[in-house]
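Chains, contacts and geometry: an overview
Next come the chains, spelled out residue by residue.
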Amino acid sequence: MAFSLIGDDTCQFIAPSPLPDPYWIAVSTEAAELVGISLGSNQLPTDPDWLAVLAGNSAELGGRLFPKPMATAYSGHQFGHWAGQLGDGRAILLGELKHQELQLKGAGMTRYSRMGDGRAVLRSSIREFLCSEAMHALGIPTTRALSLVGSKQAVRRETMETAAVCSRLAPSFIRIGHFEHYAANGLHVRSQELAAYLIEAHYPECQSSSTPYLALFKAISARNARCVAHWQGVGFCHGVLNSDNISALGLTMDYGPFGFLDHTALDHICNHTDSGGRYAYHRQPKIMHWNMACLANAMVPLVEMESPGDDAADILRTALGAFPPEYEAEWLGLFRGKLGLQTVAPDDMELIESLLQLMHANRADFTNVFRSLSAVQKKDGHSNWRDQFLDRDATDAWLTQYRTRLMQESSSDAERAAHMNRINPKFILRNHLAQRAIEMAQGDDFTEVNRLQLILSRPFDEQPAFEQYALAPLPDEVVTDLSCSS
Ligand code: AMP
Ligand code: MG
């Protein structure tokens with residue numbers, strides 16, 4: 001377990017603060033299954049003690065204890081600048097269940113809370129809960145969400161809101177920021193322990209390397225390249241790609257002011273605090289690469305230890321150079337799949353890029369353009385697909401190119417469509433849908449949270465009863481003011 005390796009110089013052993021009169025809002029059936037919690041027909045844990053545990057009110061469960069809950073220290077770069085020490089200011093790690101760490105987000109103040117109150121509001125907790133599970137259902141590496149517990153406890157943000165606790169699961173919540181923290185504080189033994197833990201528990205393939213620390217760096221970088229390629233594939237914008245929000249396992253984590261592209265703008269900024277657009281959709285791959293440079297810097301002392309006499313910074317710089325081609329290969333493979341291409345042709349990159357540019361120029365809906373592309377046939381000249389674009393001439397020109405390319409594929413239209421519909425989702429967590437669920441939940445009606453949970457657990461299925469959940473927002477439904485406040 002990660003936390004058995006961390007000493008009290010880099011963590012605080014602290015119990016969650018009690019949450020007054022907690023009540024269930026949602027439980028993820030799949031996440032519960034993952035950690036062996038049995039649910040009743042009402043989809044809630046059959047053991048009633050779970051409510052107190054997942055609210056942070058009890059460490060005891062049927063005689064079993066989570067004896068040493070903890071918050072860890074990490075540091076990081078925020079918006080391109082060194083921010084110094086951060087840490088789990090409101091997330092407390094309870095312990096481990098079936099190889100998953102169980103963390104309560106919004107569980108009260110810790111040594112790392114700085115100016116914060118240690119709580120998370122209902123609004124942001126609903127978003128984290130729904131999106132974690134939605135991303136998992138889309139096949140994207142992510143931390144999971146087990147439960148969402150509400151309370152009437154008042155929390156001050158821009159206005160008064162109420163608190164909630166979202167319980168999260170991950171094989172490990174270690175971030176790039178943990179390495180940065182140890183490096184910045186000269187805690188090289190802690191860095192070694194952390195690297196050894198990651199290799200043993202999560203990157204066993206690095207064990208056989210003659211330079212395991214370097215191998216670990218390469219493997220973490222490759223996993224994050226893959227993760228960000230997946231984001232680009234579904235139009236997901238993370239919103240706050242600070243190095244403290246980047247997982248050492250290549251998982252999507254710390255859901256804040258994220259957003260999925262609706263009317264495609266490749267330079268879309270989903271976080272209004274990000275006025276310069278550092279974390280805009282099209283910059284995410286470069287920013288992830290930048291975050292891997294932060295990790296490389298933090299790992300210089302480790303690589304120096306295993307390669308004495310060599311220039312460790314130079315070795316890591318070279319290793320960092322693998323990120324762009326790894327990302328590109330992953331991205332190209334993914335988008336080929338999205339276009340239903342199973343073979344490889346030299347102009348595929350250009351074909352994909354020109355579609356994205358067309359979508360951008362016409363503000364076409366990211367999800368629906370790809371989903372409906374499966375209905376385009378190899379030979380039949382007419383297609384409703386073009387109706388999603390205002391510039392019909394440019395669209396027809398692209399369709400001609402696409403059909404020419406499809407001629408190289410041996411699969412039938414029907415086979416290709418079936419394949420594409422398993423890659424291009426119909427349902428994503430659109431901001432306006434989340435917003436509606438939040439507004440109802442703020443009035444104590446959780447039915448929409450639960451409905452979204454259900455729909456988004458099957459994003460590739462047609463679900464005709466929920467057709468309206470696949471539509472892009474109307475102009476007055478577009479959510480424009482997502483900030484970091486949470
Ligand atoms: P985030 O932007 O949510 O990733 O948070 C950045 C840092 O601020 C992390 O160290 C968080 O633990 C901390 N933080 C955010 N909100 C709060 C809060 N309400 N109370 C305490 N710490 C917080
Ligand atoms: Mg964070």
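Quantities reported herein were computed from a predicted structural model and do not represent experimental measurements.

What counts, and at which threshold
- Residues numbered from 1 in each chain as written.
- Chains lettered and ligands numbered in written order.
- Predicted model: local features only at pLDDT ≥ 70, side-chain atom pairs only at ≥ 80, totals over all residues.
- Heavy atoms only, no water.
- Salt bridge = Lys/Arg side-chain N within 4 Å of Asp/Glu carboxyl O.
- Helix = DSSP H or I, 4+ residues; strand = E, 2+ residues; numbered from the N terminus.
- Core = buried A, V, L, I, M, F, W, Y, C linked by side-chain atoms within 4.5 Å.
- Buried < 20%, exposed > 50% of the residue type's maximum accessible area, 1.4 Å probe, protein only.
- Domains from an automatic or database assignment.
- Contact = heavy atoms within 4.5 Å.
- Polar contact = N/O pair within 3.5 Å; in protein donor to acceptor, adjacent residues only side chain to side chain.
- Donors = N, O, S within 2.8 Å, 3.2 Å for Na, K, Ca; no water.
- Near = heavy atom within 4 Å.
- Areas by Shrake-Rupley, 256 points an atom, 1.4 Å probe, with all protein chains shown as cover.
- Disulfide = S-S within 2.5 Å.
- Phe/Tyr/Trp six-rings, centres within 6.5 Å; stacked < 30°, edge-to-face > 60°.
- Lys NZ or Arg CZ within 6 Å of the ring centre and 35° of its normal.

**Quick word on the pattern of salt bridges**
Taken as a whole and assessed by the stated rule, the structure comprises 26 salt bridges. Across the pair R157 and D117 runs a salt bridge, and its minimum N-O distance is 2.8 Å. Within this pair, whereas R157 is found in the loop between β11 (144-156) and β12 (160-170), its partner D117 is found in the loop between β9 (100-105) and β10 (120-121), the two being separated by 40 residues in sequence. When the shortest N-O distance is used, the salt bridge between K426 and E467 registers 2.8 Å.

**Concerning the nonpolar core**
A general feature of soluble globular proteins is that nonpolar side chains tend to end up buried together. In this structure, F179 and L198 are the most contacted members of the largest nonpolar core, which totals 116 residues. Considering each element in turn, this core owes the most residues, 13 residues, to helix α7 (residues 212-234). Residue-level mapping places this core at the junction of two domains, with at least three residues from each of domain 1 (11-170) and domain 2 (341-420). If we skip the residues at most four places from it in the chain, F179 touches S191, L194, A195, L198, L216, I220, L295, A298, M299 and L302.

**Regarding the side chain of R144**
Looking at the secondary structure, you find R144 in strand β11. Side chain to side chain, R144 and H136 meet in a polar contact 3.3 Å long. With sequence-adjacent residues up to four places away left out, R144 is seen in contact with S28, E30, A31, L34, S132, E133, H136, S167, R168 and L169.

**Looking at the coordination of the magnesium ion (ligand 2)**
Within the protein, N245 (OD1) and D254 (OD) serve as the donor atoms for the magnesium ion (ligand 2), at 2.0 to 2.1 Å. Take N245: its relative accessible area is 9%, and that puts it in the buried class. Residue classification places D254 among the buried positions, given a relative accessible area of 13%.

**Points about the site of ligand 1**
Surrounding ligand 1, one finds 16 residues, the nearest of these being G87, G89, R114, D117 and G118. Separating an oxygen atom of ligand 1 from a side-chain N or O atom of R114 is a distance of 2.8 Å. Within the contact set of ligand 1, a nitrogen atom lies 3.2 Å away from a backbone nitrogen or oxygen of R119. Burial of ligand 1 by the protein amounts to 80% of the accessible area it has alone, namely 480 Å².

**A few points about the domain arrangement of the protein**
Splitting the protein by domain gives domain 1 (11-170) and domain 2 (341-420). Using C-alpha coordinates to define each centre, domain 1 is positioned 42 Å away from domain 2.

**Section: the state of the cysteines**
Counting across every chain of the model gives zero disulfides. Free of any disulfide, C237 has its nearest cysteine sulfur in C270, 4.8 Å distant.

**Topic: the packing of aromatic side chains**
Evaluation of the coordinates by the stated rule reveals 15 aromatic pairs. Note that R127 overlies the ring of F258, its terminal NZ or CZ placed 4.1 Å from the centroid. A cation over a ring is seen here: R278 above W290, with NZ or CZ 4.6 Å from the ring centre.

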